[in-house]
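Chain residues, written in single-letter form:
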Amino acid sequence: MIRFHEDKKVFQLDTTNSTYLLAIVEDEFLAQAYYGEKLAEPITYTLRLDEAPFTPSQNNRDRVSFYDVLPMAYPTHGIGDFREDCLNICSKAGHSVVKLAYQSYEITTGKPKLKGLPATFADDDQAQTLTIKMVDQAIGAEVELAYSVFSDTDAIASSVKVRNASKDTLWLEKILSGCLELPAGQYDMLSLHGSWARERHVERREIGFGYQGVYSKRGSSGHQDHPFIAVLEPNASQASGHVYGMHFVYSGNYMAQVEKNQFDSVRCVMGIHPEDFSFKLEQGETFQAPEMIRVFSATGLDGMTHALHDLYRSHLIRSPYLHQKRPILINNWEATYFDFDADKLLSIAKEASSLGIEMLVMDDGWFGKRTSDNMSLGDWVVTESKFPDGLCGLVDKVNELGMKFGIWFEPEMISPDSDLYRAHPEWAIAVAGSTAGLSRNQYVLDFSREDVVEHIYQKLSKVLHSANIAYVKWDMNRPMADLASANLPADQQGELSHRYILGVYQLQERLITEFPYLLLENCAGGGGRFDPGMLYYSPQIWCSDDTDAIERLAIQEGTALIYPLSTMGAHVSDCPNHTVGRNTPFETRGHVALMGTFGYELDVNRIPDSDKAMIPQQVALYHQYADLIREGRYYRIASFRETHWYDAAMVVSPDQKEALIIYVQVLAKANAKRNKIHLRGLAENMRYAVANENFSALGSTLMRAGLLVNDVHGDFCSRLIHLKSV
Ligand code: GLA
């Protein structure tokens, strides 16, 4: 709920468990007076406005030192606040000082859409939005800061819009989406770090003086870092302590920066990376910056996780599959790589369908002359020699087996060896007259161009109309470099990366509008574009090209910290694992994949019989637990990162009558065949029976005294433990 306290000039934004206060100071500035546990009254003393601003000045309210110490709601460039700012606009006169003054506010029900961008949404009775208008009279810029609170989650969504209200051209040089100020103190920063096949590993460190943060300048959110940071009290843990989370609803370049300053206070900012970015605004034009989510939790990481999971399930993912059991798929990538034709796929499908698998996904290699990653991206036409009866011939046969059919595309890419490149070399992102660098032997298509997006849309939609296709895996396999568009004038080249992402969003929007029942799974060389922006279009994203069950523990732990399990693409693959060469039990591979969307990525005709025999059992487990895993509350119980022994997570059904624990003993220990884990999220007074064991206990007992995990022997072995109320 949002209120304006006229007497104190304070906006109070309350979620169920938190309060965010913005104060108008001296009728001009907008300051962040408080963010934290819920307050029953508005306050401003936290701003310490009556104190000298920590400088040896005679005039203790001198402007520059005042700017440099006030906790700002949205700091701007050049005024004398020397901490990291959020907004820098270059005027026609060539200066870039932005001095915003408060103008007006509006509180509305619901939540407005963000034009062309993914964003959280809510019905009128589920959210309220505060829009504050700020103005820089000198350059003629109007800034709207919008903050939305939701009735059912402790998250606040905010965004920024700039309008050129002057008669001259303005250039946005930097427009971040949000700022979070924390009072003097000691804090840790948690980020999700990684690499290809090692995405989103939890990284926690103490915040020291100076800058620290994460960013991507790769054109996508990337494998390496993640558009998310959390700031924690040093003693905050999984289940207790104060945690602030910031998450960016965007899929392109970003930065998230944390700065501890001379007064020990901390400013965090997040938004589109300002490097290689500028945006020209003519008179009357507006720029809408992407949305940022902030969360405060007084109950440790759990509270932040739950707020984000709830927000994304109820207010971000739109797919009709959100609350549906997804078909168990088998993807042929690790089974065949490029070496396949219709017969080979059909033989996999036949065997898979007899084992209970429900959908065949045909991966890379079905189009143009594509026999390796050297060619044909952009030529989205089925290779006739591989499919004598056409795509439809294969799909019909797969459908006759009772299976659905899915297909892989990499729409944003172009191979130099392709008919498309030969016809339109200027459609690739490159500097004219210079040879652009290849990555995976391919260039990036200039998706800032409407003609390019339109062309690719026509090609994709033709394929999708040509057969009964239920699923698309949308891949993106290289970063952007050599930034230049043949289509943009010189003073707009800085718009390329952002316009590119808008083109991607536009195409995905068109696809899911034209094919509303298409199950779209995003992917980028594994999990290189796993972000809230993509979730607006696809309910699931391929988590990582690393399908090893043990590597996946850390990847899925980091991913599940901020994303619902229902979004995490996870498959059982063959051993030795293709990425790390590790052998793990087939059972463990199944248990780990069950904690995501669940599927297979292997050749069912070539795996050991003993493994194959387990598939129907795993399929049965999926059908038994899919609803619980998809809709349940997730709790991280233990991490191998900290135990160096085992890893455990659990999900509890919304009515708390059921729970499922996944326990993986990564490395066995002597004299430790049994282990005790403390559960969370159960109903204190409910009695739970442990499936297949003659044991029951109250929820309070299992949470305080713990649950014994019995007879775990050997490395890489796992248990799935089901609890049901009795
Ligand atoms: C990427 C994806 C893989 C696979 C290959 C195909 O690496 O992450 O799953 O689709 O491309 O080229």
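So, the overall build of the chain
Okay, so step 1: Assigned secondary structure in the chain consists of 14 helices and 39 strands.
Okay, so step 2: With the C-alpha coordinates of the chain rotated into their principal frame, the extents come out at 85 × 70 × 45 Å.
Okay, so step 3: Across the 726 residues of the chain, 62% fall into the buried class.
Okay, so step 4: Here the analysis covers contacts within the chain between residues at least 6 apart in sequence; of these, 68% occur between residues at least 24 apart.
Okay, so step 5: Of the roughly 26600 Å² of accessible surface on the chain, a fraction of 49% belongs to carbon and sulfur atoms.
Okay, so step 6: For the chain, the separation between the mean place of its 68 positive charges and that of its 94 negative charges on side chains is 2 Å.

Side note on the domain arrangement of the chain
Okay, so step 1: Taken as a whole, the chain is organised into domain 1 (2-315), domain 2 (329-630) and domain 3 (637-725).
Okay, so step 2: Distance from the C-alpha centre of domain 1 to the C-alpha centre of domain 2: 34 Å.
Okay, so step 3: Taken together, the contact between domain 1 and domain 2 spans 46 residues of the former and 43 residues of the latter.
Okay, so step 4: Here domain 1 meets domain 2 over a buried area of about 3600 Å², counting both sides, of which 59% is carbon and sulfur.
Okay, so step 5: The tally of links from domain 1 across to domain 2 stands at 1 salt bridge.
Okay, so step 6: For the salt bridge of D491 with K280, the shortest nitrogen-to-oxygen distance reads 2.8 Å.

Some remarks on the environment of G390
Okay, so step 1: The residue G390 is located in helix 5 (residues 390-400) in this model.
Okay, so step 2: When its relative accessible area of 26% is taken as the criterion, G390 is described as partly exposed.

Structural notes on the site of the ligand
Okay, so step 1: Within the structure, the ligand sits among 13 residues, and D363, D364, K473, G526 and D545 are positioned closest to it.
Okay, so step 2: Within the side chain of D363, one N or O atom sits 2.6 Å away from an oxygen atom of the ligand.
Okay, so step 3: Within the complex, 96% of the 310 Å² of free accessible area of the ligand lies under protein.
Okay, so step 4: For the shell around the ligand, the class distribution of residues is 4 nonpolar, 3 polar and 6 charged.

Concerning the packing of helix 10 (residues 549-562) against helix 11 (residues 586-594)
Okay, so step 1: Relative orientation of the contacting elements helix 10 and helix 11 amounts to 20 degrees, with a least axis distance of 9 Å. By the angle between their directions, the pair helix 10 and helix 11 is classed as roughly parallel. Along this stretch, helix 10 crosses helix 11, giving a crossing that reads as left-handed. Touching A549, R552, L553 and Q556 of helix 10 are T588, R589 and V592, all from helix 11.
Okay, so step 2: Its residues assigned to classes, the contact of helix 10 with helix 11 shows 3 nonpolar, 2 polar and 2 charged.

Concerning the nonpolar core
Okay, so step 1: W366 and I407 are the most contacted members of the largest nonpolar core, which totals 200 residues.
Okay, so step 2: For this core, the element with the highest residue contribution is helix 8 (residues 496-514), accounting for 8 residues.
Okay, so step 3: Those residues in contact with W366, other than ones at most four positions away along the chain, are F340, W380, V381, V382, T383, F387, I407, W408, F409 and V463.
Okay, so step 4: The next biggest cluster of nonpolar side chains, apart from the first, holds 27 residues, and it includes W645, A648, M650 and I721.

Comments concerning the sheet that holds strand 23 (residues 404-409)
Okay, so step 1: Reading across the sheet, the 9 strands line up as 29-28-27-26-23-22-21-31-30 and stay open at both edges, with parallel pairing between neighbours. Of all strands in the sheet, those with a lone pairing partner are strand 29 (568-569) and strand 30 (571-573), marking the two edges.
Okay, so step 2: Taken together, the 2 bridges between strand 27 (residues 519-522) and strand 28 (residues 540-542) define a ladder with parallel strand orientation. Bridging across to strand 28, N522 finds its partner in I541.
Okay, so step 3: Contacts from helix 11 reach strand 30 and strand 31 (599-601) within the one sheet, and its direction differs from that of strand 30 by about 160 degrees.

Quick look at the layout of surface pockets
Okay, so step 1: Roughly 970 Å³ of volume is contained in the largest pocket.
Okay, so step 2: If you trace the largest pocket, you find 39 residues lining it, with K115, G116, L117, Q288 and L502 closest to the centre.
Okay, so step 3: Counting only elements with at least two residues in the lining of the largest pocket, the list comes to strand 7 (127-136), strand 8 (141-150), strand 9 (155-164), strand 19 (286-288), helix 7 (450-466) and helix 8.
Okay, so step 4: Per-element accounting of the lining of the largest pocket gives the leading share, 7 residues, to helix 8.
Okay, so step 5: Here the lining of the largest pocket is composed, by residue class, of 15 nonpolar, 13 polar and 11 charged.
Okay, so step 6: Lining the lining of the largest pocket are residues from two domains, each supplying at least three of them: domain 1 (2-315) and domain 2 (329-630).

With respect to the packing of aromatic side chains
Any pair of aromatic rings gets described here by the distance separating the centres and the angle formed by the planes.
Okay, so step 1: In total, this model carries 35 aromatic pairs according to the counting rule given.
Okay, so step 2: With a centroid separation of 4.8 Å and an interplanar angle of 55 degrees, the aromatic rings of F279 and F287 are classed as tilted. In this structure, F279 and F287 share a single accessibility class: buried.
Okay, so step 3: Among the aromatic residues, ring-to-ring pairing joins Y20, Y35, Y147, Y244 and F296 into one connected group.

Reading guide: rules and limits
- Starting afresh in each chain, residues are numbered from 1 along the sequence in its written order.
- In keeping with the model being predicted, local features are shown solely for residues with a pLDDT of at least 70 and side-chain atom pairs are shown and tallied solely at 80 or more, while totals for entire chains, interfaces and linings include all residues.
- In computing side-chain values, all of the structure's heavy atoms are included and hydrogens and water are not.
- Elements are defined by DSSP. Helices are runs of H or I of four residues or more, strands are runs of E of two residues or more, and each kind is numbered from the N terminus.
- The buried label applies to any residue whose accessible area, calculated with a 1.4 Å probe on protein chains only, is under 20% of its type's maximum; exposed applies above 50%, and partly exposed to all values in between.
- Should any heavy atoms of two residues lie within 4.5 Å, those residues are counted as being in contact.
- Note that accessible areas follow from Shrake-Rupley with a 1.4 Å probe, and for residues the cover is restricted to the protein chains shown.
- Here the positive residues are Lys and Arg and the negative ones are Asp and Glu; neither His nor the chain ends is included.
- Charge coordinates come from a single atom per side chain, which is NZ of Lys, CZ of Arg, CG of Asp or CD of Glu.
- Segmentation into domains, and thus their bounds, comes from an automatic or database assignment.
- Using a 1.4 Å probe, buried area is obtained as the accessible area two parts lose upon being combined, added over both of them.
- Put simply, a salt bridge is a Lys or Arg side-chain nitrogen that is within 4 Å of an Asp or Glu carboxyl oxygen.
- We call a residue near a molecule or strand whenever a single non-hydrogen atom of that residue lies within 4 Å of it.
- N or O atoms closer than or at 3.5 Å make up a polar contact, with two conditions inside protein: a donor-capable atom paired with an acceptor-capable one, and, for residues adjacent in sequence, both atoms drawn from side chains.
- Any residue that is not Ala, Val, Leu, Ile, Met, Phe, Trp, Tyr, Cys, Pro, Asp, Glu, Lys or Arg is counted as polar, Gly included; the first ten are nonpolar and the last four charged.
- Interaxial angles span 0 to 180 degrees and are taken between N-to-C directions of axes, which are lines fitted to C-alpha atoms, for helices over the stretch in contact.
- An angle counts as roughly parallel when it lies under 35 degrees, as roughly antiparallel when it exceeds 145, as roughly perpendicular when it falls between 65 and 115, and as oblique in every other case.
- The handedness criterion is simple: a crossing whose near helix is rotated anticlockwise from the far helix by less than a right angle is left-handed, and one whose near helix is rotated clockwise is right-handed.
- In this description, a nonpolar core means a group of buried Ala, Val, Leu, Ile, Met, Phe, Trp, Tyr and Cys residues linked to one another through side-chain atoms lying within 4.5 Å.
- Each pair of strands is called paired provided DSSP finds at least two bridges between the two strands.
- The distinction between a cavity and a pocket rests on a 1 Å grid over the protein atoms alone: a 1.4 Å probe fits inside a cavity but cannot get out, while a pocket stays open yet meets protein on both sides within 12 Å along at least five of seven lines, and a residue with an atom within 4 Å of a point counts as lining.
- Grid points are joined across faces, edges and corners, and a volume is the space filled by probe spheres set on the points.
- Geometry of aromatic contacts follows a simple scheme: Phe, Tyr and Trp rings, the Trp one being its six-membered ring, pair when their centres are within 6.5 Å, and the pair is stacked under 30 degrees between planes, edge-to-face over 60, tilted otherwise.

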